[in-house]
Amino acid sequence: MNGHVIILGGDGFCGWPTALGFSQAGYDVTIVDNLSRRKIDVELECESLTPIQPIHRRIAAWANKTGKTINYVNLDVAVQYHKLLSLIEETRPTAMIHFAEQRAAPYSMKNSFCKRYTVGNNINATHNVLAAIVESGVDVHLVHLGTMGVYGYGTAGMPIPEGYLKAVVEGSEGPQEIEILYPANPGSVYHMTKTQDALMFYYYNKNDRLRITDLHQGVVWGTNTAETMLDEALINRYDYDGDYGTVLNRFLMQSVIGHPLTVYGCGGQTRAFIHISDTVKCIRLAVENPPAHGDRVQIFNQATETRTVRDLAEIVAEQTGAEVRYYKNPRREDAVNQLQVENGKFLGLGLKPTTLGNGLMQEVISIAEKYKDRCDTTKIITDSLWTGDMEVDRKGSK
Ligand code: NAD
Ligand code: USQ
């Protein structure tokens, strides 16, 4: 065994393939999840495009296929503090991977219930994890899934550094170079919770010397990894709806069902992207390269390429013949931005990026094709608005 990892949020889109990846690599894995994401599916009356199995059936299928055991604990990390503490004390994990947050920006902007739920869930979850690690006294390396969105997406013409910004300040003895946490600039209530997480990590690292890695991840695309493909019962989520579907997966699914590609605004927004199989690889690299005791919070940018939304739409349209349509942007964000991202830390640890050019878009298209009958087309156009006073143009306008 390589050690014990607890995966908080291990039933989700990133968490499930990560759990399988660690189990396959010989780690002892415990998934913690309160199944809130599945309950939000019920609330939104929308399901994953792929037919994901209930958690116990997933775990049984994994055991059948590989002979490996994954443990599962149903626990609300934001609420059930003592249960979380006992789990850490009993299992004494070497690492905890924290995915257990409400992660959709549009859902977090839907209404005041969703805003309050996102803030309460995400901030309490992260704080409970930190306080429980301290109270347990166990030497756990915490690896958190953060977001590129903590930086904002404007870069003043320079690549976004990995977490810390060098700045020159006018000191009493002349100019002095300091390093500060990159200034937070969230673009949604969800992204705001991630900037708050970063401050909590900063504090607990400084005060309690916790060993923490914060992964500032870009938009994830794809659905399968080598492990989720081993059996249909292991299939990963594929969100395509206007709240949870991320842009490239939405475009790929839209192309399959003959829906126009839903570019918001002029599509000049540049974002950072990563394929789900690289998510799993990066998290493994992070777990296996912890910060030393006494080090500051380790921050990696977890993204392999940057693209504008319009570029993505054009690439998908070229491959599939889909129509590209420009919709009034439901979000409050810059219509156009430049974005370059430093990702030398993961490359230095040996990551070989899977990019759009690697042919995997076709694989996602074939998954979408296989399950297209499960798509509810009424869920494609979002009704989550960043401001209450805008109307979504459902027909689309240039
Ligand atoms: P997801 O919603 O599919 O998975 C999150 C999981 O956490 C769900 O299974 C949910 O039930 C669980 N969960 C949420 N709150 C919980 C709580 N209080 N207690 C226990 N379980 C709880 O999301 P995802 O796409 O897998 O994202 C995982 C993490 O990665 C998130 O923190 C997100 O911010 C980050 N991230 C995701 C993306 C992306 O494109 N999907 C990109 C960058 C960062
Ligand atoms: N967009 C469109 N059309 C669509 C959907 C989105 O043009 O149909 C645009 C959005 O306006 C935005 C960009 O595409 O400019 C990305 O949107 P997204 O929904 O793919 O991603 P986002 O809301 O940023 O959130 C996702 C994950 C979140 C993660 C974040 C990483 O849901 O958990 O934190 O990506 S990042 O964007 O780098 O901050």
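For the structure, check the block above.
Cut-offs applied
Residues numbered from 1 in each chain as written. Chains lettered and ligands numbered in written order. Predicted model: local features only at pLDDT ≥ 70, side-chain atom pairs only at ≥ 80, totals over all residues. Heavy atoms only, no water. Near = heavy atom within 4 Å. Polar contact = N/O pair within 3.5 Å; in protein donor to acceptor, adjacent residues only side chain to side chain. Helix = DSSP H or I, 4+ residues; strand = E, 2+ residues; numbered from the N terminus. Nonpolar A, V, L, I, M, F, W, Y, C, P; charged D, E, K, R; others polar. Buried < 20%, exposed > 50% of the residue type's maximum accessible area, 1.4 Å probe, protein only. Areas by Shrake-Rupley, 256 points an atom, 1.4 Å probe, with all protein chains shown as cover. Contact = heavy atoms within 4.5 Å.

Novice: Got a minute to help me understand the site of ligand 2 in this structure?
Specialist: Close to ligand 2 lie 23 residues; Thr147, Tyr190, Val247, Thr262 and Glu333 are nearest. Measuring from an oxygen atom of ligand 2, one finds a side-chain N or O atom of tyrosine 153 at 2.8 Å. Interatomic distance of 2.9 Å between a side-chain N/O atom of arginine 250 and an oxygen atom of ligand 2. Elements that contribute at least two residues to the shell around ligand 2 include exactly α7 (189-208), α8 (247-257) and β10 (261-264). Here the element with the most residues in the shell around ligand 2 is β10; it accounts for three residues. Residues that form the shell around ligand 2 fall into these classes: nine nonpolar, nine polar and five charged.

Novice: Just checking my understanding: could you explain unusual backbone geometry for this structure?
Specialist: Leaving glycine out, the prevailing phi sign among residues is negative, and the prevailing peptide bond configuration is trans. Look at leucine 35: it is not a glycine, yet its phi comes out positive at around 60 degrees. Among the secondary structure elements, leucine 35 is positioned in the loop between β2 (28-32) and α2 (36-44). You can call leucine 35 buried: its relative accessible area is 19%. In the Ramachandran plot, arginine 209 falls in the positive-phi region, its phi being about 60 degrees despite a non-glycine side chain. Here arginine 209 shows up in the loop between α7 and β8 (211-217).

Novice: Help me out: how do you make sense of the site of ligand 1 in this one?
Specialist: Neighbouring ligand 1 are 29 residues; Cys14, Asp33, Asn121, Tyr190 and Lys194 lie closest to it. Between aspartate 76 and ligand 1, the recorded distance is 2.9 Å, taken from a side-chain N or O atom to a nitrogen atom. A distance of 2.8 Å separates an oxygen atom of ligand 1 from a polar side-chain atom of arginine 103. Its free accessible area being 820 Å², ligand 1 has 97% of it covered by the protein chains. Of all the elements in the fold, those that place two or more residues in the shell around ligand 1 are α2, β5 (141-147), α7 and β9 (219-221). In terms of residue class, the shell around ligand 1 is made up of 12 nonpolar, nine polar and eight charged.

Novice: So what exactly am I meant to see when it comes to the side chain of asparagine 224 here?
Specialist: Relative to the helices and strands, asparagine 224 resides in the loop between β9 and α8. Overall, the relative accessible area of 7% leaves asparagine 224 in the buried class. Engagement of the side chain of asparagine 224 in a polar contact is seen with the side chain of threonine 228, the distance being 3.0 Å. In this view, asparagine 224 contacts Met229, Ile235, His275, Ile276, Glu363 and Ile367; residues no more than four positions away in its chain are not counted.

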